[in-house]
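Below, each chain spelled out in residue letters.
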Amino acid sequence: MKKNRFLSGCTVLLLAICFASCVHVHLPGHGNVEKENLKEAVVNHITSTLTNGETVEFVGSYNNDYYKDNGEVRFSSNVIYYVITPDGSKEKHTAHVVCNEDRDKIFEWKDI
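If you're wondering where the values come from, they're calculated on a predicted model, not measured in any experiment. (Residues numbered from 1 in each chain as written. Predicted model: local features only at pLDDT ≥ 70, side-chain atom pairs only at ≥ 80, totals over all residues. Heavy atoms only, no water.)

A. Region of the structure containing the packing of aromatic side chains. Taken as a whole and assessed by the stated rule, the structure comprises two aromatic pairs. Arranged with centres 6.0 Å apart and planes meeting at 55 degrees, the rings of Y81 and W109 form a pair that is tilted. Pair noted here: Y81 is in strand β2 (residues 72-84) and W109 is in strand β4 (residues 106-111), with a separation of 28 residues, a long-range link. The class of Y81 is buried, set by a relative accessible area of 4%. By relative accessible area, which is 21% here, W109 ends up partly exposed. A cation over a ring is seen here: K90 above Y82, with NZ or CZ 5.0 Å from the ring centre. Positioned above the aromatic ring of F75 is the side chain of R103, whose terminal nitrogen or guanidinium carbon lies 3.8 Å from the ring centre. (Phe/Tyr/Trp six-rings, centres within 6.5 Å; stacked < 30°, edge-to-face > 60°. Helix = DSSP H or I, 4+ residues; strand = E, 2+ residues; numbered from the N terminus. Buried < 20%, exposed > 50% of the residue type's maximum accessible area, 1.4 Å probe, protein only. Lys NZ or Arg CZ within 6 Å of the ring centre and 35° of its normal.)

This is the structure in structure tokens:
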């Protein structure tokens, strides 16, 4: 019985060390938070540039990738969004963005 407890304890300790040593670890459901962060960051970024009563509708993202820059994790993505005029017409736009790991701060923006 003591041997089984020891092995169980070692297994838990080993899993904890592996979990803690991973570079990019998120708990379940964290991806949904990141998606919402990206959506909000894009909408806020575009809204701050609009001057004629337009609104922004986030459509989605593709070519998503994480990488390290000077020891910091960055998220790179192409985003698609609509700028909607006050009369309801939509204009589709695509941009390449680089964000922090949590996707709540945009560091680079390039219209495609």
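Next, the rest of the story.
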